[in-house]
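What follows is the residue order along each chain.
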Amino acid sequence: PQSIYLKDYCQPEYWISQTELTFDLQDDATVVTAVLTLEANSAGAQSGVLELHGQQLELLGLTLDGDVLGTGRYTVTDETLSITGLAQQHFLTIVTRIYPATNTALEGLYRSGGMYCTQCEAEGFRRITYYLDRPDVMSVFTTHIIADGSRYPVMLSNGNCTADEMLADGRRKVTWLDPHRKPAYLFALVAGDLLNKEDRFTTMSGRDVTLKIFVEPQNIDKTDYALDALKRSMRWDEEVYGREYDLDIFMIVAVDDFNMGAMENKGLNIFNSSCVLANPATATDAAYQRIEAIVAHEYFHNWSGNRVTCRDWFQLSLKEGFTVFRDASFSADMHSATVKRIEDAKMVRTVQFAEDGGPMAHPVQPDSFIEIANFYTVTIYEKGAEVVGMIHKILGAEGFRKGSDLYFDRHDGQAVTIHDFVAAMEDANGVDLTLFKLWYKQAGTPVVSAAVDYREDEQALYLTLRQQCPDTPGQIGKQPMWIPVQLGLIAADGQDLPVQVAPALNTAGMETWTSASQVLHFTEAEQTFVFSGLAQPPVLSLFRDFSAPVKVEFQQSPQELLFRLQHDSDGFNRWDAGQRLMLDWIDQARLDEFELPEDARQVMVQLLTDETLDPAMVSYLLTLPSEAYIAEFSDPVDPHAIHLGRKRVRLAMAMALNEQFAACYQRLVSHAEYQPEPQQMAARTLKNLALSYWSVASDAGIRQALAQFGSTDNMTDQMAALVALINSGDDELAQQSLDAFYQQWQNDSLVVNQWLSVQSGSADLGTLSRIQQLLEHEAFDWRNPNKIRSVIGAFANQALCHFHAVDGSGYELLADAIIRLNATNPQIASRLLTPLTKWRRLIPELSEQMKAQLERVAAQPDLSRDVYEVVSKSLA
Ligand code: HT7
Ligand code: ZN
């Protein structure tokens, strides 16, 4: 397989102004007729050759301006159809046959359950017909769907429905017209026997929009929350970004077999059913929040992605980074902004930093790839969002809004680049972001080290920051970046002091950027900032609000960390201080038994008993870092030592605070009817955290978990109780509870997924033999990505002590699954490889075994591009 390079981008020789598609959905196959209006691009090459993309297509017919094309005029390969001798304008008709029922890759048109659906991003449209399947080719699409109307009463595509007719043979033909020009990756088609829940939304200019969520009949009672979340998103985008919806109808369809979370097809979003369906009995609070965030994310793409799209796939973060930033701001506004920030930072530190430090490291704007599907990564999405967030920090909310207004106005209807986005931000604010743009170009996580020197005679604190970004594959020697450092100075009484930054000289003798603002602009390899007017040495709170996605090396004593856990006015840094303390404890506990220090115990007692605090926040402050998070702070990584250390600290906290956890639990038990609303969710989060500690340390806690398991009406509490019972150490009780749970929920596939993952991801239960049993279970299905994620994904990413079994059996199981899926669903196979890409960071005895499994995968014949790219880069 060949790499594709950003530097090779050039415009196509032809545009496709109109695309008319007819889908004839037959039992064994689908025949697709595409009529393309071709127009020569005056800025493109003028060879008269058109090279269309196509994969796994049977070509049945080809006519140009009504005449059948002779075989001398065209050539077909596995991936292209080339036509020669073309002039300025043509109508090209292509007839292809495809096989949706055997499409297990879930790209293009495929069947999920009894329905047809599509997934065209990034390059799935080429599995439907020959086309210029690239995002800068934008066309007006008309879609006709012909099928048996009794089996497929619902037939949908993008835009507005313009005709619905019965054909002479008794079949039905439905026509959809999307007036907005769009690239093929935003095309969608759905046909099935579906029900829908309908609502309406009046836009800010008074237009009436119909909203519909389509589901299989058994799920019709699970649509209300997503519909409400959609309306909240539409209102929020109007209020915060001034963006209004632009069609008469907005539709969402839930499908069971889907490679990712959801897809923003114009006017017809397609969702993984796990990211849209919920009712209190079956969905946890976390699932509700995920649904709200994903509904918002896909809706926000209507502007950041669809109205203004990407010129090429190297610009993917243009739409994804920006849209993740937008959905994060939305979630922050709907719930607790601090908790959302903590969640996002946890994700960046655990998953993105790992990617940035591994063999698949790439910049937010990559400069090459082999398979674009491998670049839907945490770097493109989450780091991309952090980069947009830093622009927001630098410009302020008002300046950022001016920039986004200019971006949308200037580029509406265009396919553009990340450079265009930044240019709009610069032009609207009169700032120069040239240096800042390195964030898009340089891979790797910058490491910032900080040293402080308090000078009593000057009543000043000198802060020296140094930055360094490690080499990454293909990028040796990085330049200093523009890092916004939000900070605070805390007095001994816990109050914030005013931050006065005096002019300072950096090592090069240049005057630095200074301000009384709390955001410092750190732009050089080394810089010293001087804070004046400080009668006492303050406690420094650095990188408040996670103001930049960097690793921070700054020594603070346990007393200072504890002080900040108690007093830092920045909620994110309160949490961060606590996590740093816990990391130290876990480090100590790897070697010996651990006892919770008394001063820490007192602070925790205070947190657990102060009823004025946000319970969700208290819960985060008392939650230990996950094993994966701890691994990111370890070198080399010894998963078994991490597991042991964490387990000891957990037990020590549970024992030292047993009474308080029990009391906190009792205080937060509520008899109100379950509502998926922020206050109730926050209370349940803390209540169930208390239960998890309480049940680790005492039989009373286990009895309470058992009572909660059997009596609750909502999945949040039932699942929390089940996890507590699994962790109780009583294997019989754990198994009985799991059996009862399956008995209760075996007919609800999404709940069964939770049942699968709670076992597969468990340190107590996720043993190799259990995983093998689950893979044989009636509930498991190799064709369904959710089931694969629930068993194999949970095992390899969460049950770390079993996955890293010293005999290498966990790695072997994962490699077997990857080899199997390589043939049926390469995207999922490739994603499952992620844990194996970290082999170099492990202790030698594990590292070698992991490498051996990677080599075994690499040696397989017929590797997909997806798997080949990750395996070969991991071994390079
Ligand atoms: N933009 C969507 C990306 C997506 C996707 C990409 C590759 C393969 C399958 C996929 N399904 C959806 C999702 C989003 O970011 O909104
Ligand atoms: Zn997206």
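Predicted model only: the values in this text are computed from it and were never measured.

Thresholds applied
Residues numbered from 1 in each chain as written. Chains lettered and ligands numbered in written order. Predicted model: local features only at pLDDT ≥ 70, side-chain atom pairs only at ≥ 80, totals over all residues. Heavy atoms only, no water. Helix = DSSP H or I, 4+ residues; strand = E, 2+ residues; numbered from the N terminus. Rg over C-alpha atoms; globule rule 2.2 N^0.38 Å. Contact = heavy atoms within 4.5 Å. Areas by Shrake-Rupley, 256 points an atom, 1.4 Å probe, with all protein chains shown as cover. Lys, Arg positive; Asp, Glu negative; His and termini not counted. Charge placed at Lys NZ, Arg CZ, Asp CG, Glu CD. Near = heavy atom within 4 Å. Polar contact = N/O pair within 3.5 Å; in protein donor to acceptor, adjacent residues only side chain to side chain. 1 Å grid on protein atoms, 1.4 Å probe; cavity = no way out; pocket = protein on both sides within 12 Å on 5 of 7 lines; lining within 4 Å. Points joined across faces, edges and corners; volume = space filled by probe spheres on them. Nonpolar A, V, L, I, M, F, W, Y, C, P; charged D, E, K, R; others polar. Buried < 20%, exposed > 50% of the residue type's maximum accessible area, 1.4 Å probe, protein only. Pairing = 2+ DSSP bridges. Phe/Tyr/Trp six-rings, centres within 6.5 Å; stacked < 30°, edge-to-face > 60°. Lys NZ or Arg CZ within 6 Å of the ring centre and 35° of its normal. Domains from an automatic or database assignment. Buried area = accessible area lost by both parts, 1.4 Å probe. Salt bridge = Lys/Arg side-chain N within 4 Å of Asp/Glu carboxyl O. Axes fitted to C-alpha atoms, helices over the stretch in contact; angles between N-to-C directions. pLDDT = per-residue confidence, 0-100. Parallel < 35°, antiparallel > 145°, perpendicular 65-115°, else oblique. Left-handed = near helix turned anticlockwise from the far one by under 90°. Donors = N, O, S within 2.8 Å, 3.2 Å for Na, K, Ca; no water. Disulfide = S-S within 2.5 Å.

What to know about the overall build of the protein
Working step 1: Within the protein one finds 26 helices and 34 strands.
Working step 2: Against the compact-globule benchmark of 29 Å for 876 residues, the protein has a radius of gyration of 28 Å, which places it among compact chains.
Working step 3: Taken along its principal axes, the extent of the C-alpha atoms in the protein is 90 × 70 × 60 Å.
Working step 4: Taking the contacts inside the protein whose residues are at least 6 apart along the sequence as the reference set, 71% of them involve residues at least 24 apart.
Working step 5: For the protein, the exposed area adds up to about 33,100 Å²; of that, 50% sits on carbon and sulfur atoms.
Working step 6: Here the protein contributes 70 positive and 117 negative side-chain charges, whose respective centroids are spaced 2 Å apart.

Structural notes on the site of ligand 1
Working step 1: Surveying the vicinity of ligand 1 reveals 15 residues, the closest of which are E121, E264, E298, E320 and Y381.
Working step 2: Here a nitrogen atom of ligand 1 sits 3.3 Å away from a polar atom, N or O, in the side chain of Q119.
Working step 3: A distance of 2.9 Å separates an oxygen atom of ligand 1 from a polar atom in the side chain of E320.
Working step 4: Elements with a minimum of two residues in the shell around ligand 1: strand 20 (262-263), helix 2 (285-300) and helix 3 (316-334).

Digging into empty space enclosed by the protein
Working step 1: Enumeration over the complete set of coordinates arrives at two cavities of 30 Å³ or more.
Working step 2: Taken as a whole, the largest cavity holds about 140 Å³ of empty space.
Working step 3: Every residue lining the largest cavity is counted, 16 residues in all, and those nearest its centre are L542, V552, R564, D576 and R580.
Working step 4: Mapped by element, the contributors of at least two residues to the lining of the largest cavity are strand 33 (539-541) and helix 9 (571-589).
Working step 5: If you add up the space inside the second largest cavity, you get close to 50 Å³.
Working step 6: In terms of lining residues, the second largest cavity is bounded by S317, L318, G321, F322, G384, V388, I418, F421 and Y440.
Working step 7: Breaking the lining of the second largest cavity down by element, the ones donating at least two residues are helix 3, helix 5 (378-411) and helix 6 (418-429).
Working step 8: The residue makeup of the lining of the second largest cavity, split by class, is six nonpolar, three polar and no charged.

Concerning the side chain of K182
Working step 1: Inspection of the secondary structure puts K182 in strand 15 (residues 172-182).
Working step 2: By relative accessible area, which is 1% here, K182 ends up buried.
Working step 3: Residues within four places of K182 in sequence aside, it is in contact with V137, M138, S139, F141, N158, F187 and K266.

Quick word on the pairing of strand 13 (residues 154-157)
Working step 1: Residues V154 and L156 line one face of strand 13 and the alternating positions M155 and S157 line the opposite face, and both faces are buried.
Working step 2: Across four bridges, strand 13 lies against strand 16 (residues 189-192) in antiparallel orientation. Counterpart to L156 in the pairing with strand 16 is V190.

Here we look at the packing of aromatic side chains
What describes a pair of aromatic rings is the distance from one ring centre to the other and the angle between the planes of the rings.
Working step 1: In total, this model carries 42 aromatic pairs according to the counting rule given.
Working step 2: An angle of 85° between the planes, with centres 5.3 Å apart, marks the rings of Y245 and F250 as edge-to-face.
Working step 3: Of the residues examined, Y245 reaches a relative accessible area of 1% and is grouped as buried.
Working step 4: The ring of Y9 has R311 sitting right over it, with the charged end atom 3.7 Å from the ring centre.
Working step 5: If you follow R455 out to its NZ or CZ, it ends over the ring of Y462, 3.6 Å from the centre.

So, the domain arrangement of the protein
Working step 1: Once the domains are mapped, the protein shows domain 1 (309-441), domain 2 (447-548), domain 3 (747-801) and domain 4 (804-876).
Working step 2: Taken together, the contact pairs 14 residues of domain 3 with 13 residues of domain 4.
Working step 3: Per-residue buried area on domain 3 facing domain 4 is highest for L768, W782 and I792; these three make up 38% of the total on that side.
Working step 4: Seen at the junction of domain 3 and domain 4, the total is zero salt bridges.
Working step 5: Taken together, the connections running from domain 3 to domain 4 amount to one residue pair in polar contact (both at pLDDT 80 or more).
Working step 6: Every element with two or more residues in the side of domain 3 that touches domain 4 is listed here: helix 20 (768-776), helix 21 (785-798) and helix 22 (800-803).
Working step 7: Here the element with the most residues in the side of domain 3 that touches domain 4 is helix 21; it accounts for eight residues.
Working step 8: In the side of domain 3 that touches domain 4, the residues fall into ten nonpolar, three polar and one charged.

Remarks on the sheet that holds strand 28 (residues 488-490)
Two strands in a sheet stick together by hydrogen bonds in their backbones, pointing the same way (parallel) or opposite ways (antiparallel).
Working step 1: If you walk across this open sheet you meet the three strands as 29-28-33, and the pairing is antiparallel. If you trace the sheet from one side to the other, it starts and ends with strand 29 (496-497) and strand 33, each paired once.
Working step 2: Where strand 28 lies against strand 33, three bridges are found, and the strand directions are antiparallel. Paired with I490 across the two strands is V539, which belongs to strand 33.

Brief notes about the sheet that holds strand 10 (residues 108-112)
Working step 1: Here four strands make up an open sheet; going across it, the order is 10-11-16-13 and the pairing antiparallel. Pairing within the sheet leaves two strands with one partner each, and these edge strands are strand 10 and strand 13. Across the sheet, the mean angle from the axis of one strand to that of its neighbour is 20°, orientation sign disregarded.

Observations regarding the confidence of the model for the protein
Working step 1: Counting all residues, the mean pLDDT for the protein is 97, and 98% of those residues have values of 70 or more.
Working step 2: Taken over the whole predicted complex, pTM reads 0.98, whereas the ipTM for its chain interfaces reads 0.99.

Some points on the packing of helix 25 (residues 844-858) against helix 26 (residues 865-875)
Working step 1: Contact geometry of helix 25 with helix 26 gives a least axis separation of 10 Å together with a crossing angle of 140°. The orientation of helix 25 relative to helix 26 falls into the category oblique. Considering how the two elements wind past one another, helix 25 and helix 26 form a crossing that is left-handed. Together, K851, L854, E855, V857 and A858 of helix 25 and V867, V871, S874 and L875 of helix 26 make up the contact between the two elements.
Working step 2: When its residues are assigned to classes, the contact of helix 25 with helix 26 shows six nonpolar, one polar and two charged.

Considering the coordination of the zinc ion (ligand 2)
Working step 1: Around the zinc ion (ligand 2), the protein contributes the donor atoms H297 (NE2), H301 (NE2) and E320 (OE), at 1.9 to 2.0 Å from the metal centre.
Working step 2: The motif formed by the donor residues of the zinc ion (ligand 2), counted along the single chain, is H-x3-H-x18-E. Here H297 is found in helix 2, whereas its partner E320 is found in helix 3, with 23 residues between them in sequence. Here H297 and E320 have matching classes, each one buried.

Looking at the state of the cysteines
Working step 1: All told, the structure shown has zero disulfides when counted by the stated rule.
Working step 2: Free cysteine C310: the closest other cysteine sulfur is in C120, separated by 16 Å.
Working step 3: Judged by its relative accessible area of 0%, C310 falls in the buried class.

Topic: the layout of surface pockets
Working step 1: Counted as a void, the second largest pocket has a volume near 990 Å³.
Working step 2: Broken down by element, the residue count for the lining of the second largest pocket peaks at three residues, all from strand 4 (residues 50-53).
Working step 3: Split by residue class, the lining of the second largest pocket holds 16 nonpolar, eight polar and 13 charged.

Regarding the packing of helix 20 against helix 21
Working step 1: At a closest axis distance of 10 Å, the pairing of helix 20 and helix 21 adopts a crossing angle of 165°. If you check the angle between helix 20 and helix 21, you find them roughly antiparallel. Read as a crossing pair, helix 20 and helix 21 show a hand that is left-handed. Every residue of helix 21 that contacts helix 20 at L768, I771, L774 and L775 is listed here: V791, I792 and F795.
Working step 2: In the contact of helix 20 with helix 21, the residues fall into seven nonpolar, no polar and no charged.

Considerations on the pattern of salt bridges
Working step 1: In this structure the tally under the stated criterion is 57 salt bridges.
Working step 2: One salt bridge connects R235 with E238, and the closest N-O pair in it is separated by 2.8 Å. One end of the pair, R235, and the other, E238, are both in helix 1 (residues 224-241), three residues apart, so they sit about a helical turn from each other.
Working step 3: Using a relative accessible area of 8% as the deciding quantity, one classes E238 as buried.
Working step 4: Sharing partners across several salt bridges, the network here consists of E121, E264, K319 and E320.

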